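Understanding the architecture of this molecule
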Amino acid sequence: MKLAYYPGCSSHGSAADYDRSARAVAGALALELVDVPEWNCCGASSAHGADHRLAMYLPGRNLAVAAGMGMGGVVTPCAACYSRLNRAHHWLAEDRRRWLELSAAVGVPYNDVGKPRSLLEVVVGDVGLEAVAAQVRRPLKGLKAAAYYGCLMLKPPEVARFDDPENPRSMDDLLQALGAQPVRWGFKTECCGASLSVSRPELVEKLVGDILDNASAAGAECVVTACPMCQANLEQRRSERHRLPVFYFTDLAGIAFGLSPRELGIPMHLGEPLELLRGKGLLAAGEEGQG
Amino acid sequence: MAVVDLTEAAKGREELLTRVRELAETDPLACYQCGKCSAGCPLSFAMDYQPRQIIRLVQLGMREQALGSSTIWLCAGCATCTTRCPRQVKIDGVMDALRQLAGQDGRAPREREVAAFHTSFLESVRRGGRVHELGMVGSYKLRTRRIFQDGGLGWNLLRHRRLPLKASPLRDRKTVERIFRAAEVRG
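Each value, and the rule that gives it
- Residues numbered from 1 in each chain as written.
- Chains lettered and ligands numbered in written order.
- Predicted model: local features only at pLDDT ≥ 70, side-chain atom pairs only at ≥ 80, totals over all residues.
- Heavy atoms only, no water.
- Pairing = 2+ DSSP bridges.
- Helix = DSSP H or I, 4+ residues; strand = E, 2+ residues; numbered from the N terminus.
- Right-handed = clockwise from strand over helix to strand, strands pointing away.
- Domains from an automatic or database assignment.
- Contact = heavy atoms within 4.5 Å.
- Buried area = accessible area lost by both parts, 1.4 Å probe.
- Salt bridge = Lys/Arg side-chain N within 4 Å of Asp/Glu carboxyl O.
- pLDDT = per-residue confidence, 0-100.
- Buried < 20%, exposed > 50% of the residue type's maximum accessible area, 1.4 Å probe, protein only.
- Arc of directions from axis to C-beta.
- Axes fitted to C-alpha atoms, helices over the stretch in contact; angles between N-to-C directions.
- Left-handed = near helix turned anticlockwise from the far one by under 90°.
- Nonpolar A, V, L, I, M, F, W, Y, C, P; charged D, E, K, R; others polar.

Time to look at the pairing of strand E2 (residues 32–35) of chain A. Residues and elements named next belong to chain A. Two strands pair when backbone bridges link them, and strand E1 (residues 2–5) and E2 are joined in this way by 4 bridges, in the parallel orientation. Directly across from Ala4, in E2, lies its bridge partner Val34. Each parallel crossover has a hand, and for E1 linked through helix H1 (residues 16–28) to E2 it is right-handed.

Right under this line is the structure:
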């Protein structure tokens, strides 16, 4: 399966680790990801509060370029990009006259590339859990994980059109297919406040603390995200008392598929993610080097 | 208890409602003030007006209070409110619309740091077509004079190779400049 890939700005910086594991896991699942040529920023998390048109045109250009690639749709690993791409797609789908407006504004003729999908959506929905399970070389046995979806991949549901916005299951099911044990908990779709992380860190510390407290209370040994904003924010804005490693879902899929932490960029995480994996017997000797 | 002059507010009411309807593509008058949005809002604890109250201010045409609130800046855009609204009001869209109107008015934002972040973010996008995180945070620090905030964190990210010094802009800078201009022309 060949898809247009929209990595998003964080893939060049704070989420370079996610980009690495996303590509590695896609490769293991025979998903061919082709970067949208000359992709531009989708505008998250600022354009939508500044200018409605800008907030539609920025992601809209990427959709137009992706459609021109003639692939089986466009996929992004970032929940914030996913949300902005889907907002623009939804806006364009509502009124065909907007196709002309967008084409003129961005200088690329707009055609519908189909609903933008998240990498999680593609792995669970298109590849399917059976095919995922077939790739598992080292089941994540005994690993208690809190599947944390965050807000932007699911809300509002008429735009995201993916999983249940209050009690999603897709990532829990995926973790189960990898051999891990997803915990039942209440903060699956609570917002971590990433867009305020730089400007109002003290507020964000409260949100992050509540999420991690709830995951710990549910017995989780790690939190698993499908969003670079969530991952970075949970690692950066937590207090000393929180030690839970925060993984991308692609980290754990990659480990289960037998890829090394290094190939997956796991040593680039700020916490101590390797300790937990080692404790669970999931790392072979010599697999612990720097990213 | 603040005294509110509804006669004064009513004068600008239609205009405010029209602008919000246009920008947010939703009708604030549909709201019957159940408060579900505010009960589920993760940031309501820090807001001066609850999301429900912001919608009420718009219904009454109280532009000053709505645009001058901290709420419109503290909304993180998670859309939990919109997801749960029994009247299908796009509350997160109303917050976006009010931020846009506050910007168009050239009003000093109630949450200076939050607004400075967004300005720095869009400046970075306009310059390179993509956000360069280090450049963006640098410009935010200059703008807010919070030079030393998160120094340790920055160093930690650098060490983990998650904060590259170099930007990765688009080859053609005009690509995104053109989009900004087109949006400005449409207004």
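Alright, that's what it looks like, and here's the rest.
Below, the discussion takes up the domain arrangement of chain A. Residues and elements named next belong to chain A. As far as domains go, chain A holds domain 1 (2–119) and domain 2 (136–279). Look at where the C-alpha atoms of domain 1 and domain 2 centre, and you get two points 23 Å apart. On the domain 2 side, the residues contacting the 27 residues of domain 1 number 27 residues. Between domain 1 and domain 2 lies a buried interface of about 2300 Å² when both sides are counted; carbon and sulfur atoms form 70% of it. Counting the contacts that link domain 1 with domain 2 gives 0 salt bridges.

Right, let's get into the interface of chain A and chain B. Counting residues at the interface gives 67 residues for chain A, matched by 55 residues for chain B. It is Glu38(A), Val198(A) and Leu270(A) in chain A that bury the most area against chain B; as a group they hold 11% of the surface buried on that side. The interface formed by chain A and chain B includes 9 salt bridges. The partner of Glu101(A) in a salt bridge is Arg186(B), and the shortest N-O contact between them spans 3.7 Å.

Within the fold, Ala183(B) resides in helix H12 (residues 174–186). Each C-alpha atom of the pair Ala183(B) and Ala79(B) lies 24 Å from the other, and the pair is 104 residues apart in sequence. When residues no more than four places from it in sequence are discounted, the contact partners of Ala183(B) are Asp51(A), Arg53(A), Leu54(A) and Tyr57(A).

Looking at chain B, pLDDT values average 95 and 99% of them are 70 or higher. Interface confidence for the predicted complex, given as ipTM, is 0.95, next to a pTM of 0.96.

As a further point, take the domain arrangement of chain B. Partitioning chain B into structural domains gives domain 1 (9–104) and domain 2 (112–186). Domain 1 of chain B and domain 2 of chain B are separated by 28 Å when their C-alpha centres are compared.

The omega torsion of the bond from Ala44(A) to Ser45(A) falls at -5°, within 30 degrees of zero and hence cis. Among the structural elements, Ser45(A) can be located in the loop between E2 and helix H2 (52–68). Following Lys155(A), the chain continues into Pro156(A) via a peptide bond in cis, with omega recorded as -10°. Among the structural elements, Pro156(A) can be located in the loop between strand E5 (144–148) and helix H7 (157–160). Unlike most non-glycine residues, Glu25(B) shows phi in positive territory, near 50°. Along the polypeptide, Glu25(B) turns up in the loop between helix H2 (13–24) and helix H3 (36–40). By relative accessible area, which is 28% here, Glu25(B) ends up partly exposed. Even without being glycine, Arg145(B) reaches a positive phi, approximately 60°. The residue Arg145(B) is located in the loop between helix H10 (133–144) and helix H11 (151–159) in this model. The exposure class of Arg145(B) is exposed, given its relative accessible area of 71%.

What follows is about H11(B). Considered for burial, the residues of H11(B) that qualify are Leu153(B), Gly154(B) and Leu157(B). Down the axis, H11(B) shows its buried residues gathered within 100° of arc, on one side only. Away from its buried face, by an angle of more than 90 degrees, H11(B) presents the exposed residues Gly152(B), Trp155(B) and Arg159(B). Its buried side turned inward, H11(B) meets helix H10 (228–236) of chain A. A positive backbone phi angle near 55° is found at Arg161(B), which sits one or two residues after H11(B).

Residues and elements named next belong to chain B. Axis separation between H2 and helix H8 (residues 91–104) bottoms out at 9 Å; the angle between their running directions is 120°. The handedness of the crossing between H2 and H8 comes out as right-handed. Contacts from Leu16, Arg19, Val20, Leu23 and Ala24 in H2 reach Gly93, Val94, Ala97, Leu98, Gln100, Leu101 and Gln104 in H8. Of the residues contributing to the contact of H2 with H8, the split by class is 8 nonpolar, 3 polar and 1 charged.

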